[in-house]
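Analysis of the macromolecular model
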Amino acid sequence: MSATSLRRWSWVHTWSSLVCTAFLLLLCLTGLPLIFHHEIEDLTGHGGPPPMAAGTPHTDLDRVVATGLARRPGEVVQYLIWDRDEPDSIWLSLAPSRTAPVSELHGVVVDARTAQVLDEPGKGEGFMFWMFRLHVDLFAGLPGKLFLGAMGLLFVAAIVSGVVLYGPFMRKLEFGTVRRDRSRRLRWLDLHNLLGVVTLTWALVVGGTGVINTLADLVIEAWRRDQLAEMVAPYRALPPVATLGSVERAVAAARAAAPGMTPYFVAYPETSFSSAHHYAVFMRGVTPLTSRLLTPALVDAATGEVTAMRSMPWYATALFVSQPLHFGDYGGMPLKILWALLDLATMIVLGSGLYLFVVRRRAGRRAAIAAAE
Amino acid sequence: MSAAQSRKAGSTWAAPGLLALASLIGLLAALLGDGAWDVLSWLGLGAPVVVIARIWGGRRG
């Protein structure tokens, strides 16, 4: 590599990482407890459904919904979600109105077999809530998400330029060399290069899928304007549905229309994931991969009939497939532990990079002063 | 690029390339299935972690 291009890549590496390092350290730090959010919530008393005989049948969904609504009089259901890991738990998202923003949603967890309330997680409080908001949007909504997405892009640029620089730097060194007997700077330079190149693939994938996740709101909006608008075109002139029909019947109709699939969540009329006239029953596959591929069945909320059903477009599928690759929640506890260890290694790469920058800057200033004297 | 240089580049990237491949297999395996696929993913992503632990502990390569 020529001296000029080496200098240019070095400039890209220095400045892309310098701008994003503080935020990436925050993301790594807040991401650590989020990897284990399920386990932490179990520990802190958000218990799962009590054990009952395997295969105990589920009760009528309308009963489940009535239980949730009774807990919060005057509110309405926005979403009904089946827990991926606890198939007997149903999460109801309630809000003061059907169009209330996400920040006003309040969760009630109901046992799908007995319609008993299992939990009412507090809204906007607790350690995990803070970790989550700092990780996702810095408490700043969509602009916060997009800002963190831009930091993620810089992180990817830092990784790519770091890989380009790795070759020339390691030309004379064997893989894994750490020069411990020379200066502290050299030791940390070797560790930075080593840890950086070893965690390269994981950091690129988790960073890249993190960037995709920051676009979630925009992806859903694009789907609404694109496919959803086409699917509900016949309803365009009608006022929003006044009286909701049975959600149990709507889900049964969706199941019948999508054999071999299982319901993932129901979006009520007028919410972000549905039209003003439908229960959108999002069906998913049952294998690890197809469980990320969603097909919404739109069920007329008044008549209970499926009026349209179409797989989500490629850009939404990209979002849903990228989510597990960011969360690390798809391969049991050993995968989560590896995720945490690689997260810690990435923090060392970030910290050592910052240290190397400061030390070199100081050395440069000393050399300049010496030259001036 | 001369033969000597390309051999050098090959040896510089041999270990990192293998680790990148192992990581990629690890990341994808658990998406494709359960059981044995999960185990494959632990092995794949475990490789870089083991390398870090060994070098951190003072052993080279």
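Since this is a predicted model, take the numbers as computed values, not measurements.

1. A closer look at the UniProt feature "transmembrane region" (unreviewed entry) in chain A
All names here are of chain A.
- Here, UniProt's "transmembrane region" (unreviewed entry) annotation points to residues 12-36, 146-170, 191-216 and 337-358.
- Measuring from the first to the last C-alpha atom of residues 12-36 gives 34 Å, for a span that is 96% helix and 0% strand.
- This span, residues 337-358, is 100% helix and 0% strand, and a straight line between its end C-alpha atoms measures 32 Å.

2. Remarks on the pairing of strand 8 (residues 306-309) of chain A
Residue and element names in this part refer to chain A.
- As paired elements, strand 7 (residues 294-300) and strand 8 share 3 bridges and run antiparallel to each other. Within strand 8, the residue paired with leucine 298 across the bridge is alanine 308.
- From the end of strand 7 to the start of strand 8, which pair antiparallel, there are 5 residues, and glycine 304 there has a positive phi angle of about 80°.

3. Digging into the environment of Gln323(A)
Residue and element names in this part refer to chain A.
- Residue placement: glutamine 323 occurs in helix 10 (residues 314-327).
- Judged by relative accessible area, which is 22%, glutamine 323 ranks as partly exposed.
- Measuring from C-alpha to C-alpha, the distance between glutamine 323 and asparagine 213 comes to 6.9 Å, with 110 residues separating the pair along the chain.

4. Concerning a positive patch on the surface
Residues and elements named next belong to chain A.
- Residues Arg361, Arg362, Arg365 and Arg366 make up a contiguous surface patch of positive charge.
- Examined against the element boundaries, arginine 365 turns out to sit in helix 11 (residues 332-372).
- Accessibility expressed as a relative area gives 52% for arginine 365, which makes it exposed.

5. Remarks on the domain arrangement of chain A
Residues and elements named next belong to chain A.
- As far as domains go, chain A holds domain 1 (3-38 + 142-214 + 334-372) and domain 2 (56-126 + 216-327).
- One C-alpha centre belongs to domain 1, the other to domain 2; they are set 40 Å apart.
- In this complex, domain 1 contributes 12 residues to the contact, which on the side of domain 2 involves 13 residues.
- Between domain 1 and domain 2, a total of about 1,000 Å² is buried, with carbon and sulfur atoms accounting for 55% of that surface.
- Our count for the contact surface shared by domain 1 and domain 2 stands at 1 salt bridge.
- Between aspartate 217 and lysine 145 there is a salt bridge, with the nearest N and O atoms lying 3.1 Å from each other.
- Joining domain 1 to domain 2, the criterion identifies 6 residue pairs in polar contact (both at pLDDT 80 or more).
- Put simply, the parts of the chain that give the side of domain 1 that touches domain 2 at least two residues each are helix 5 (141-169) and helix 7 (200-214).
- Of the residues belonging to the side of domain 1 that touches domain 2, the class tally is 6 nonpolar, 5 polar and 1 charged.

6. What about the nonpolar core?
- Core analysis: the biggest nonpolar cluster contains 28 residues, and Leu24(A), Phe155(A), Trp202(A), Tyr330(A), Trp339(A), Leu27(B) and Leu45(B) have the highest contact counts within it.
- Of all the elements in the fold, those that place two or more residues in this core are helix 1 (3-35), helix 5, helix 7 and helix 11 of chain A together with helix 1 (3-32) and helix 2 (36-56) of chain B.
- Examining the composition of this core, we find that 7 residues originate from one element, helix 11 of chain A, more than from any other.
- Aside from chain neighbours lying at most four places away, what touches Leu24(A) is Met151(A), Phe155(A) and Leu350(A).

7. With respect to the pattern of salt bridges
Residues and elements named next belong to chain A.
- Inspection of every chain in the model, using the stated rule, returns 11 salt bridges over all chains.
- Residue glutamate 39 pairs with lysine 336 through a salt bridge whose shortest N-O separation is 2.9 Å. With glutamate 39 in helix 2 (residues 37-43) and lysine 336 in helix 11, the pair connects residues that are 297 residues apart, well separated along the chain.
- Owing to a relative accessible area of 26%, glutamate 39 belongs among the partly exposed residues under this scheme.
- One salt bridge in this structure joins arginine 113 and aspartate 111, with 2.8 Å as the shortest N-O distance.

8. Examining the packing of aromatic side chains
Residues and elements named next belong to chain A.
- Counted by the stated rule, this structure contains 17 aromatic pairs over all chains.
- Taking 6.2 Å as the distance between ring centres and 70° as the angle between the ring planes, the aromatic pair formed by phenylalanine 129 and phenylalanine 139 counts as edge-to-face. Linking phenylalanine 129 in helix 4 (residues 127-136) with phenylalanine 139 in the loop between helix 4 and helix 5, this pair joins segments that are 10 residues apart in sequence.
- According to the relative accessible area criterion, phenylalanine 129 is partly exposed, its value standing at 25%.
- Taken together through their ring pairs, the aromatic side chains of Tyr79, Trp223, Tyr264, Phe265, Phe273 and Phe282 make up a single cluster.
- Sitting over the ring of tyrosine 264, arginine 84 keeps its end group 4.9 Å from the ring centre.
- Of note, arginine 284 hangs over the ring of tyrosine 264, and the distance from its end group to the ring centre comes to 5.7 Å.

9. Things to note about the sheet that holds strand 6 (residues 278-284) of chain A
Residues and elements named next belong to chain A.
- One open sheet holds the 8 strands; their spatial order is 4-3-2-1-5-6-7-8, and the pairing between them is antiparallel. Single-partner strands in this sheet number two, and they are strand 4 (117-119) and strand 8. Each strand axis lies, on average, 30° off the axis of its neighbour in the sheet, ignoring direction.
- Bridge count between strand 1 (residues 76-82) and strand 2 (residues 89-95): 6 bridges; the pairing is antiparallel. Within the sheet, the bridge partner assigned to tryptophan 82 lies in strand 2 and is isoleucine 90.
- Taken strand by strand, helix 8 (residues 216-231) contacts strand 6, strand 7 and strand 8, and its axis lies near 45° from that of strand 7.

What counts and what doesn't
Residues numbered from 1 in each chain as written. Chains lettered and ligands numbered in written order. Predicted model: local features only at pLDDT ≥ 70, side-chain atom pairs only at ≥ 80, totals over all residues. Heavy atoms only, no water. UniProt positions renumbered as here; feature names shortened; annotations may be inferred. Helix = DSSP H or I, 4+ residues; strand = E, 2+ residues; numbered from the N terminus. Pairing = 2+ DSSP bridges. Buried < 20%, exposed > 50% of the residue type's maximum accessible area, 1.4 Å probe, protein only. Patch = residues over 30% accessible without salt bridge, like charges linked within 9 Å, V, L, I, M, F, W, Y side chains within 5 Å. Areas by Shrake-Rupley, 256 points an atom, 1.4 Å probe, with all protein chains shown as cover. Salt bridge = Lys/Arg side-chain N within 4 Å of Asp/Glu carboxyl O. Lys, Arg positive; Asp, Glu negative; His and termini not counted. Charge placed at Lys NZ, Arg CZ, Asp CG, Glu CD. Domains from an automatic or database assignment. Contact = heavy atoms within 4.5 Å. Buried area = accessible area lost by both parts, 1.4 Å probe. Polar contact = N/O pair within 3.5 Å; in protein donor to acceptor, adjacent residues only side chain to side chain. Nonpolar A, V, L, I, M, F, W, Y, C, P; charged D, E, K, R; others polar. Core = buried A, V, L, I, M, F, W, Y, C linked by side-chain atoms within 4.5 Å. Phe/Tyr/Trp six-rings, centres within 6.5 Å; stacked < 30°, edge-to-face > 60°. Lys NZ or Arg CZ within 6 Å of the ring centre and 35° of its normal. Axes fitted to C-alpha atoms, helices over the stretch in contact; angles between N-to-C directions.

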